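Understanding the architecture of this molecule
Each chain, written out:
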Amino acid sequence: HGEWAVGHWPIGFHCGYSKSGSPVKIERLGACAPPSDTKLLYPYYLALVDTLQRRLDRTSVTSGRLQQTYELFDLAGLGTHMVTFTTLSFTKDVMLAFATHYPSSFSKAVVINAPSFMASLYRILSTVLPASVKAKVSILGAEYEAELANDLTPETLYWVTTASHAQLCRAPFRDGAALAQRSEE
């Protein structure tokens, strides 16, 4: 369902590395167009998670140490109109799946541009998570750049702050315009 995903779910599968060496995945959830049902979303997202986990496993075996991702979720544009039973159910299912099957697959999960209602929503949804997973989660508002600068390389910050949705979906590959823009900085 890649064609559907590129138009509806801006996600960068591999957007550089954190300073600790974890590959970074960025999801711009606030910019997504959630479907009214999950018949396309579930298979796409489960395949994405499976592909990511296989890559992490392969890298872990090759390097001789556990490889984990740095997960970044950008909620810019998220509104209460997007908080439906379908999206809440999907979010809870994903959180439960990660906590059950992939608790060691990520080193940190950061939510940026979180609207004011996010803290309350997270308290409800996080009840399915073990304490060890909750400890890896940071929820930040619009003032996130200092924390991300501590965690991420300048190259990776490009994907967070500058890349368009279309560019993000093609990470780590940049088009000529993005390369020209970076070389001028």
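**Description of the pairing of strand 2 (residues 24-27)**
Burial along strand 2 is two-sided: V24 and I26 and K25 and E27, pointing in opposite directions, are all buried. As paired elements, strand 1 (residues 11-12) and strand 2 share two bridges and run antiparallel to each other. Bridge pairing in strand 2 links G12 to I26.

**Quick word on the side chain of S22**
With respect to the helices and strands, the residue S22 is situated in the loop between strand 1 and strand 2. The class for S22 is buried, based on a relative accessible area of 6%. A polar contact of 3.0 Å, which involves the side chain of S22, links it to the backbone oxygen of Q68.

**Some words on the nonpolar core**
Ranked by size, the top nonpolar core spans 23 residues in total, and within it W9, Y45 and F90 carry the most contacts. Looking at this core, the elements that each hand over two or more residues are helix 2 (41-63), helix 3 (85-101), strand 4 (106-112) and helix 4 (118-125). It is helix 2 that provides the largest number of residues to this core, a total of five residues. Discounting chain neighbours no more than four positions away, the residues touching F90 are W9, L41, Y42 and Y45.

**A closer look at the sheet that holds strand 1**
Note on sheets: strands pair through backbone hydrogen bonds, and any given pair is parallel or antiparallel. Spatially, the five strands line up as an open sheet ordered 1-2-3-4-5, and their pairing is mixed. In this open sheet, the two strands that pair with only one neighbour each are strand 1 and strand 5 (137-139). Bridge count for strand 2 against strand 3 (residues 69-74) is four bridges, and the pairing is parallel. Each bridged residue has a counterpart across the sheet, and for E27 the counterpart in strand 3 is F73.

Definitions and cut-offs
Residues numbered from 1 in each chain as written. Predicted model: local features only at pLDDT ≥ 70, side-chain atom pairs only at ≥ 80, totals over all residues. Heavy atoms only, no water. Buried < 20%, exposed > 50% of the residue type's maximum accessible area, 1.4 Å probe, protein only. Helix = DSSP H or I, 4+ residues; strand = E, 2+ residues; numbered from the N terminus. Pairing = 2+ DSSP bridges. Polar contact = N/O pair within 3.5 Å; in protein donor to acceptor, adjacent residues only side chain to side chain. Core = buried A, V, L, I, M, F, W, Y, C linked by side-chain atoms within 4.5 Å. Contact = heavy atoms within 4.5 Å.

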